[in-house]
Amino acid sequence: MLGAATAAHQVEGNNIYNDYWVQEQVPHSTFNEPSLDAVDHYNHYKEDIRLMAESGLNSYRFSVEWSRIQPEKDAWNEKEVEHYRDVLRCCHENGITPIVTMMHFSSPKWLISMGGWENPEVADLFASYCQRLVRELGDQMEYVCTINEANMRLQLAALIKEMMHRMSGQQKAADQEKTNSKESDVQVGINLNKENMMLGMMECAKAFGLENPMDMHTFVSQCTPEGDLLVMKAHEAARDAMKAECPHLKIGLTLSLHDMVARPGGESYAEKEWDDEFLHYLPYIKNDDFLGVQCYTRKFFDKNGGADMPEGAPRTQMGYEDYPAAIADVVRKVSESFKGDLIVTENGIATDDDARRCEFIKEAADSLQQCIADGIPLKGYMYWSLLDNFEWQKGFAMTFGLIAVDRSTQTRYPKESLKVLGSLIEK
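Read on for a plain summary of the structure. (Residues numbered from 1 in each chain as written. Predicted model: local features only at pLDDT ≥ 70, side-chain atom pairs only at ≥ 80, totals over all residues. Heavy atoms only, no water.)

**Thoughts on the sheet that holds strand β9 (residues 298-302)**
Here is step 1 of the chain: Strands sit in the order β7-β9-β10 across an open sheet of three strands; the sheet is mixed. At either margin of the open sheet sits one strand with a lone partner, and together these are β7 (259-262) and β10 (305-307). Put simply, the sheet's adjacent strands are angled 40 degrees from each other on average, direction ignored.
Here is step 2 of the chain: Relative to β10, β9 runs antiparallel, the two being bridged by three bridges. Counterpart to D302 in the pairing with β10 is G305. (Pairing = 2+ DSSP bridges. Helix = DSSP H or I, 4+ residues; strand = E, 2+ residues; numbered from the N terminus. Axes fitted to C-alpha atoms, helices over the stretch in contact; angles between N-to-C directions.)

Right, dumping it as structure tokens:
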């Protein structure tokens, strides 16, 4: 399978019932700009899928927006279910295999108002949503990812703890700059250096009907160890519920992983980081049909812990090291412990230089082809992203896409990189 990926909130537009929309709209938002109509994929999906097919791609990973289906806890919007049926049909009509993600970071507003991803009820609520949706649409599905980057909450916990420490005024100015630079330590668009962040958090909490901002547990937020494992319980519950409804489905989740590089003395730090990012989740995914591997760059460790990337190393717009071989390094490392099928569900580069994107894709693909030649059960590669889109708190400035979009008219402009990716498929 060779294709590209998107996430509902980043491309559809007007997802007014989810937690991201709420956070974008408060007066002191941490978002650089609101998503609004994004790139209007909700209305342009036929054109976007057709462009994929015309380039030679045969797979599309996209997410269903939970808050469209359940705008309120006890609601079920059949009109929106039919919209996603149409998307699935469009994929099949164009020879595209859909890989459906049930939750890609954004959650219904009502879920956050009742405690979000620290409330044990979330496991059953998520499983119930997944089961009913595949009851209605499962005949059009084959591959399903329950939760995108299910380990993201734990990765963010340390960064948010450090951010809160800085906001309390206990850090020196030199340490504040170090905290800001750590935004690139996680593979998602976040801002740690916005002014009036605490005021913005208070405004968000009020919008969710919460008194204390520390009770606001979105998926991309602070996390307890119990909350980390709650995500895994939600995954298992959803997987088993969907399997009971549609036994033919191939179900897994996706993880955000880094290529860990240990310099002399940094071996133990690299091992601990790999355990935190991956190994401790193995008991919860051992019965999955596949694992979605997502990697954009690598991390370095020395005798003092986390270390800087090589001096002068090329960086992407996100601040990551531009290192396309990282994805194959991670696939190899994962295959040592997880013996099931693997799919690269995200990998890409944020750059305004499409020639560099073309080379990045070729280099990543060559390294992954060698993994397959070595017997690793890698079943597909989904480039992130199909479209230049809304990179969460970073807004629209981060250009990952194979297709550019003039948002004033929503006109699509396929890039050379779309042709390059399509040309790599074995005919």
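Don't stop here, the text continues.
**Notes on the nonpolar core**
Here is step 1 of the chain: Grouped together as the largest cluster of nonpolar side chains are 130 residues, with contacts concentrated most on M102, W117, F126, Y129, L291 and V334.
Here is step 2 of the chain: With ten residues, helix α7 (residues 121-137) is the single largest residue contributor to this core.
Here is step 3 of the chain: M102 has contacts with V64, F126, Y129, C130, L133, V134, V144, C145, T146 and M242, leaving out every residue within four places of it along the chain. (Core = buried A, V, L, I, M, F, W, Y, C linked by side-chain atoms within 4.5 Å. Buried < 20%, exposed > 50% of the residue type's maximum accessible area, 1.4 Å probe, protein only. Contact = heavy atoms within 4.5 Å.)

**Re helix α10 (residues 197-207)**
Here is step 1 of the chain: Inspection of α10 places M197, G200, M201, E203, C204 and A205 among the buried residues, and these make up the whole buried set.
Here is step 2 of the chain: Once α10 finishes, G209 follows within two positions and takes phi at roughly 75 degrees, a positive value.

**Some remarks on the pattern of salt bridges**
Here is step 1 of the chain: A full pass over the atoms with the stated rule returns 28 salt bridges.
Here is step 2 of the chain: The salt bridge partner of E82 is R85, with a shortest N-O separation of 3.5 Å. Taken together, the residues E82 and R85, both in helix α5 (residues 78-93) and three residues apart, mark about one turn of the helix.
Here is step 3 of the chain: Judged by its relative accessible area of 12%, R85 is buried.
Here is step 4 of the chain: Each of E12, R68 and E80 takes part in a single network of salt bridges with overlapping partners. (Salt bridge = Lys/Arg side-chain N within 4 Å of Asp/Glu carboxyl O.)

**A look at the sheet that holds strand β8 (residues 290-294)**
Here is step 1 of the chain: Across the sheet, nine strands lie side by side as β5-β4-β3-β2-β1-β12-β11-β8-β6; this open sheet has parallel pairing. Strands with a single pairing partner mark the edges of an open sheet, and in this sheet they are β5 (250-252) and β6 (254-256). Recorded for the sheet is a direction-independent mean angle of 25 degrees between the axes of neighbouring strands.
Here is step 2 of the chain: In terms of strand pairing, β6 meets β8 through three bridges, oriented parallel. Across the sheet, the residue bridging to T254 is G292, located in β8.
Here is step 3 of the chain: Strand contacts of helix α14 (residues 326-335): β8 and β11 (341-346), with the helix running at about 150 degrees to β11, the strand carrying the most contacts.

**Thoughts on the pairing of strand β3 (residues 97-103)**
Here is step 1 of the chain: In terms of burial, β3 is a largely internal element, six of the seven residues being buried.
Here is step 2 of the chain: By the bridge criterion, five bridges tie strand β2 (residues 59-63) to β3 in an arrangement that is parallel. Residue pairing across strands places Y60 opposite P98, the latter belonging to β3.

**Regarding a nonpolar patch on the surface**
Here is step 1 of the chain: Together, M198, L199 and M202 make up a nonpolar patch on the protein surface, roughly 250 Å² of accessible area in all.
Here is step 2 of the chain: Structurally, M202 can be placed in helix α10. (Patch = residues over 30% accessible without salt bridge, like charges linked within 9 Å, V, L, I, M, F, W, Y side chains within 5 Å. Areas by Shrake-Rupley, 256 points an atom, 1.4 Å probe, with all protein chains shown as cover.)

**Observations regarding the packing of aromatic side chains**
Here is step 1 of the chain: Under the defined criterion, the tally for this structure stands at 17 aromatic pairs.
Here is step 2 of the chain: On the numbers, 6.2 Å between centres and 0 degrees between planes, the contact of F31 with F390 is stacked. Separated by 359 residues along the polypeptide, F31 in the loop between α2 (19-25) and α3 (41-55) and F390 in the loop between β12 (378-384) and β13 (403-406) bring together distant segments of the chain. Considered together, F31 and F390 belong to a single accessibility category, that of buried residues.
Here is step 3 of the chain: Above the ring of Y323, the side-chain terminus of R298 is found at 3.6 Å from the ring centroid.
Here is step 4 of the chain: A cation over a ring is seen here: R407 above F396, with NZ or CZ 3.6 Å from the ring centre. (Phe/Tyr/Trp six-rings, centres within 6.5 Å; stacked < 30°, edge-to-face > 60°. Lys NZ or Arg CZ within 6 Å of the ring centre and 35° of its normal.)

**Examining the environment of Y45**
Here is step 1 of the chain: If you trace the backbone, Y45 turns up in helix α3.
Here is step 2 of the chain: You can call Y45 buried: its relative accessible area is 8%.
Here is step 3 of the chain: Aside from chain neighbours lying at most four places away, what touches Y45 is H83, D86, V87 and C90.

**Examining the side chain of T101**
Here is step 1 of the chain: As for its position among the elements, T101 is in strand β3.
Here is step 2 of the chain: Residue contacts for T101: discarding those within four places in its chain leaves R61, F62, S63, V64, C145, T146 and N148.

**Some words on the packing of α5 against α7**
Here is step 1 of the chain: The interhelical angle for the contact between α5 and α7, taken along N-to-C directions, is 55 degrees, at an axis separation of 10 Å. Viewed along their axes, α5 and α7 adopt a mutual orientation that is oblique. Read as a crossing pair, α5 and α7 show a hand that is right-handed. Of the residues in α7, those in contact with E78, V81, Y84, R85 and L88 of α5 are R132, L133, E136 and L137.
Here is step 2 of the chain: Looking at the contact of α5 with α7 residue by residue, the class counts come to five nonpolar, no polar and four charged. (Parallel < 35°, antiparallel > 145°, perpendicular 65-115°, else oblique. Left-handed = near helix turned anticlockwise from the far one by under 90°. Nonpolar A, V, L, I, M, F, W, Y, C, P; charged D, E, K, R; others polar.)

**Quick notes on helix α11 (residues 225-245)**
Here is step 1 of the chain: The first and last C-alpha atoms of α11 sit 31 Å apart over 21 residues, in line with the 30 Å expected at 1.5 Å per residue.
Here is step 2 of the chain: Listed in full, the buried residues belonging to α11 are G227, D228, L230, V231, M232, A234, H235, A238, R239, A241 and M242. (Expected span 1.5 Å × (residues − 1).)

**A word on the pairing of β13**
Here is step 1 of the chain: Side chains of β13 alternate between two faces, with I403 and V405 buried and A404 and D406 left unburied.
Here is step 2 of the chain: Hairpin connection from β13 to strand β14 (residues 411-414): four residues lie between these consecutive antiparallel strands, with Q410 at a positive phi of about 60 degrees.

**Points about the environment of I285**
Here is step 1 of the chain: Here I285 shows up in helix α13 (residues 282-285).
Here is step 2 of the chain: In the structure, I285 is positioned 19 residues away from N304 in sequence and 32 Å away in space, judged by C-alpha atoms.
Here is step 3 of the chain: What I285 contacts, discounting residues up to four positions off in sequence, is H235, L253, F278, L291 and F338.

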